[in-house]
Amino acid sequence: LQNRWPGLKVIMPFELNQDYDYSDPAIQAMFRDQVTAWVLRYRDNPAVLMWGPGNEVMHRLIFPTVVQGKRDPAREKRADDFAAFYVQLVDMIHQLDPNHPVVYRDAEDLYFDRLRQALTRDGARRPWFVYGTNVYTQKLAAVIDRWPSQGVDAPLLVSEFSPGGVGTVDRPAMFSWYWSCIRAQPKRVLGGVVYTWTTKGPEDLDRVFGLTDEAGKPVDGSIDALRQLFQGERIGRRRAE
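This structure is a prediction, so every number in the text was calculated from the model and none was measured. (Residues numbered from 1 in each chain as written. Predicted model: local features only at pLDDT ≥ 70, side-chain atom pairs only at ≥ 80, totals over all residues. Heavy atoms only, no water.)

Draft legend 1. Spotlight on the overall build of the protein. Each helix and strand counted, the protein has eight helices and six strands in total. Helices and strands appear in the protein in the N-to-C order β-α-β-α-α-β-α-β-α-β-α-β-α-α. Relative to the compact-globule value of 18 Å for 241 residues, the protein shows a C-alpha radius of gyration of 19 Å, a close match. Across its three principal directions, the C-alpha atoms of the protein cover 50 × 45 × 40 Å. Out of the 241 residues in the protein, the part that is buried amounts to 42%. Residue pairs in contact within the protein that sit at least 24 positions apart in sequence constitute 71% of those at least 6 positions apart. (Helix = DSSP H or I, 4+ residues; strand = E, 2+ residues; numbered from the N terminus. Rg over C-alpha atoms; globule rule 2.2 N^0.38 Å. Buried < 20%, exposed > 50% of the residue type's maximum accessible area, 1.4 Å probe, protein only. Contact = heavy atoms within 4.5 Å.)

This is the structure we're talking about:
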């Protein structure tokens, strides 16, 4: 990556599927081995920005209970088991590579309470831990505003964002609103990652949120809007220097 696009950085993904029993010692051992090999393979690569094991795992475990409108103790236990093991896993990643942060990404901050309990149980500080929030509505402002009261001394990353529920005509302007929310609190929020590049991606939502078609042609004015936002910020920093 660095040879083709110098300066490009990557949040390294690792799939943690919601179908596993994370209280099972054999499953835990399997993931420890796999994640150890993954970190050791890439930790010295200059393109690595941070480690990103798991994405919306808690959401996939708990969300069906939200749809049903009632609690499901079995699902909730599985979510608690995942959170407990996840903290062990990220601690291991940090021991293997103390030079890159670790980010957990989930839907907004809907399930953060469970993760917070697991993170704070041992009283250890984890300044290298980042929480990633995936937000597609104007709830983004509220997520950012309440982050300092969430009980964990960790920065926030808007790990996925794109205007949901708007047409292609309104989407470019809405990106400006999202970016202004993200950049309004630079000491609280590290930045944001736009979702997603192409309508031909592997997920159904890519058809809705993709910025280009399969040939790389922009589907609306969103890429131009983002280019102006990002370039304008870069120019502002240069002037400040």
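Draft legend 2. Molecular detail of the pairing of strand β1 (residues 10-14). Of the strand pairs in this sheet, β1 and strand β2 (residues 48-53) are connected by five bridges, and their pairing is parallel. Each residue of the ladder has a partner; that of Val-10, found in β2, is Val-48. Once the chain exits β1 it traverses helix α1 (residues 25-42) before rejoining the sheet at β2, and the crossover so formed is right-handed. (Pairing = 2+ DSSP bridges. Right-handed = clockwise from strand over helix to strand, strands pointing away.)

Draft legend 3. Here's a closer look at the pattern of salt bridges. Counting across every chain of the model gives 12 salt bridges. Between Glu-76 and Arg-71 there is a salt bridge; the shortest N-O distance is 2.6 Å. Judged by relative accessible area, which is 10%, Glu-76 ranks as buried. The closest approach of N and O atoms between Asp-220 and Arg-171, which form a salt bridge, is 2.8 Å. With Asp-220 in the loop between α7 (206-209) and α8 (222-240) and Arg-171 in helix α6 (residues 171-183), the pair connects residues that are 49 residues apart, well separated along the chain. As far as burial versus exposure is concerned, Asp-220 and Arg-171 are alike and both buried. Connected through salt bridges with shared partners, the residues Arg-71, Glu-76, Asp-80 and Arg-114 form a single ionic network. (Salt bridge = Lys/Arg side-chain N within 4 Å of Asp/Glu carboxyl O.)

Draft legend 4. Here's a closer look at the nonpolar core. Of all hydrophobic cores here, the largest spans 56 residues; its most connected members are Leu-16, Met-58, Phe-82, Tyr-104, Leu-115 and Phe-129. The element contributing the most residues to this core is helix α3 (residues 73-96), with 10 residues. Beyond its immediate stretch of four places on either side in the chain, Phe-82 contacts Leu-16, Tyr-22, Val-57, Met-58, Leu-61 and Tyr-104. (Core = buried A, V, L, I, M, F, W, Y, C linked by side-chain atoms within 4.5 Å.)

Draft legend 5. Layout of the packing of aromatic side chains. For the structure on display, the rule yields 23 aromatic pairs. Both rings, one in Tyr-22 and one in Phe-85, keep their centres 6.0 Å apart while their planes meet at 25°; by these two values the pair is stacked. A residue pair is termed long-range when its members are at least 10 positions apart, and Tyr-22 in the loop between β1 and α1 and Phe-85 in helix α3 qualify at 63 residues. In this pair, the class of Tyr-22 matches that of Phe-85, namely buried. Each ring, one from Phe-82 and one from Tyr-104, has its centre 6.1 Å from the other, and the planes form 50°; the classification is tilted. With Phe-82 in helix α3 and Tyr-104 in strand β3 (residues 102-107), the pair connects residues that are 22 residues apart, well separated along the chain. (Phe/Tyr/Trp six-rings, centres within 6.5 Å; stacked < 30°, edge-to-face > 60°.)

Draft legend 6. Spotlight on the environment of Asp-213. Position of Asp-213 among the secondary structure elements: in the loop between α7 and α8. When its relative accessible area of 26% is taken as the criterion, Asp-213 is described as partly exposed. Along the sequence, Asp-213 and Leu-156 sit 57 residues apart, while their C-alpha atoms lie 31 Å from each other. Beyond its immediate stretch of four places on either side in the chain, Asp-213 contacts Thr-198, Thr-199 and Val-219.

Draft legend 7. View of α6. Taking 1.5 Å of rise per residue, 13 residues should cover 18 Å, and α6 covers 19 Å from first to last C-alpha, within 8% of that figure. Where α6 is concerned, the buried positions are Arg-171, Pro-172, Met-174, Phe-175, Tyr-178, Trp-179, Cys-181 and Ile-182. Projected down its long axis, α6 carries its buried residues within an arc of 165°, all on one side. (Expected span 1.5 Å × (residues − 1). Arc of directions from axis to C-beta.)

Draft legend 8. Focus on the side chain of Arg-126. With respect to the helices, strands and loops of the structure, Arg-126 is situated in the loop between α4 (112-120) and β4 (129-135). A polar contact of 2.8 Å, which involves the side chain of Arg-126, links it to the side chain of Asp-91. Among the polar contacts made by the side chain of Arg-126, one reaches the side chain of Asp-122 at a distance of 2.8 Å. Those residues in contact with Arg-126 that sit more than four places away from it in its chain are Val-87, Asp-91 and Leu-119. (Polar contact = N/O pair within 3.5 Å; in protein donor to acceptor, adjacent residues only side chain to side chain.)

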